[in-house]
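Working through the structure, step by step
Listed below, chain by chain, are the residues.
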Amino acid sequence: MSPLAGLVTGGASGIGEACVRAFVAEGHQVVIADYSLERAENLARELGPAAVGVQADVSKEGDCRKMVDVALVEFGRLDFAVNNAGTGNVDKSPVADISVDEWHRLMSVNLDGVFLSLKAEIPALIKAGGSIVNVASIMGSVATAGAGAYVASKHGVVGLTKAAALDYADQGIRVNAIGPGYIETPMLANRSEEQRAEIGSRHPLGRLGTPGEIAQLALFLISPASSFVTGSFYLADGGYTAR
């Protein structure tokens, strides 16, 4: 594959970091956009000149424009984007008990953040065509009790992905989504070994997924190997949603 230039939101940890590492290993250039500038810059220093760190809160339109501008200044173009930044629910609450503040907190990052990222990325991608990968969740396909806001935000990402794919197919932009199952990321770091084992057992494959496994799917979706794929939602969930 010819070298590409792109960006990854939430790119300094978890699935985002694994994507950045996989892309750089393939010879691509990547803007690491993360809420933590320190983590983004540390990872960029480790990976060398092919990576650039930038602070970005994807719930802010100006930050989303900034991360795209950095890619254009540093690399001269934008060929792909992985919109991975997200957050989880603080505690389990039935829908009527979710606070308005908690609803808006989740939506502002998980759904608004993808919308604002797309809004900034698409004009740059139109110039050369390209691929966008939105990281949703298995909760973009199914639901779980006590996580109504999170589930709604991830279903929204899947719908937005399909709409954007239709809007820009005739301009050569492909837009797809990934639905990871439960993955060994910092979001599960506060769980005990027993709890993580129990969560892993919910998957027919009997384990949690790894960030690297999701990164390989993202790598396929930004590559010419997936050139006839758009508007799709790829579940990478160890069989979780097959039951």
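Refer to the structure presented above.
Now for a look at the structure at hand. Every value quoted in this text rests on a predicted model; they were computed, and no experiment measured them. (Residues numbered from 1 in each chain as written. Predicted model: local features only at pLDDT ≥ 70, side-chain atom pairs only at ≥ 80, totals over all residues. Heavy atoms only, no water.)

1. Thoughts on the layout of surface pockets
What the largest pocket holds in volume is close to 1,300 Å³. If you go around the largest pocket, you meet 44 residues; those closest to its centre are Thr87, Gly88, Tyr150, Thr185 and Met187. When residues of the lining of the largest pocket are traced back to their parent elements, those giving at least two are helix H1 (14-25), strand E2 (29-34), helix H4 (100-110) and helix H6 (148-168). Among the residues forming the lining of the largest pocket, the class breakdown is 21 nonpolar, 15 polar and 8 charged. Here the second largest pocket is characterised by a volume of approximately 150 Å³. Lining of the second largest pocket is provided by Phe115, Leu118, Lys119, Ile122, Pro123, Leu160, Ala164, Asp167 and Tyr168. (1 Å grid on protein atoms, 1.4 Å probe; cavity = no way out; pocket = protein on both sides within 12 Å on 5 of 7 lines; lining within 4 Å. Points joined across faces, edges and corners; volume = space filled by probe spheres on them. Helix = DSSP H or I, 4+ residues; strand = E, 2+ residues; numbered from the N terminus. Nonpolar A, V, L, I, M, F, W, Y, C, P; charged D, E, K, R; others polar.)

2. Digging into the pattern of salt bridges
Evaluated as defined, the whole model comprises 10 salt bridges. Between Glu193 and Arg196 there is a salt bridge whose closest N-O contact spans 2.5 Å. Note that Glu193 and Arg196 are positioned in helix H7 (residues 193-201) at a spacing of 3 residues, about one turn of the helix. Accessibility expressed as a relative area gives 55% for Glu193, which makes it exposed. A residue is classified by how much of its surface remains accessible, and Arg196, at 16% relative accessible area, is buried. (Salt bridge = Lys/Arg side-chain N within 4 Å of Asp/Glu carboxyl O. Buried < 20%, exposed > 50% of the residue type's maximum accessible area, 1.4 Å probe, protein only.)

3. Focus: the nonpolar core
Residues Leu7, Val31, Met67, Val68, Leu78 and Ile132 are the most contacted members of the largest nonpolar core, which totals 33 residues. Among the elements of the structure, strand E1 (5-9), E2, strand E3 (51-55), helix H3 (61-75), helix H5 (112-126), H6 and strand E6 (173-180) are those that each provide at least two residues to this core. Among the elements that make up this core, the one with the highest residue count is H5 (7 residues). Once residues within four sequence positions are removed from consideration, Val31 is found in contact with Gly6, Leu7, Val8, Val52, Val54, Met67, Val70, Ala71 and Phe75. (Core = buried A, V, L, I, M, F, W, Y, C linked by side-chain atoms within 4.5 Å. Contact = heavy atoms within 4.5 Å.)

4. Details of the side chain of Asn83
Locating Asn83 in the fold gives a position in strand E4 (residues 80-83). Setting aside residues up to four positions removed in sequence, Asn83 forms contacts with Thr9, Ser117, Leu118, Glu121, Ile132, Val133, Asn134 and Val135.

5. Points about the packing of aromatic side chains
Counted by the stated rule, this structure contains 3 aromatic pairs. With a centroid separation of 5.9 Å and an interplanar angle of 55°, the aromatic rings of Tyr182 and Tyr240 are classed as tilted. Taken as a pair, Tyr182 in the loop between E6 and H7 and Tyr240 in the segment after strand E7 (233-236) lie far apart in primary sequence, 58 residues in all. Between Phe220 and Tyr234, the aromatic rings sit 6.5 Å apart at their centres with planes inclined by 70°, giving edge-to-face as the arrangement. Taken together, the residues span a long stretch of sequence, with Phe220 in helix H8 (residues 211-222) and Tyr234 in strand E7 at a distance of 14 residues. Residue Phe220 is classed as partly exposed on the basis of its relative accessible area of 29%. The partly exposed category is assigned to Tyr234, whose relative accessible area is 26%. Its guanidinium or amino end placed over the ring of Tyr182, Arg202 lies 5.6 Å from that ring's centre, counting from NZ or CZ. (Phe/Tyr/Trp six-rings, centres within 6.5 Å; stacked < 30°, edge-to-face > 60°. Lys NZ or Arg CZ within 6 Å of the ring centre and 35° of its normal.)

Fair warning: the whole summary comes from geometry, so function is off the table for now.
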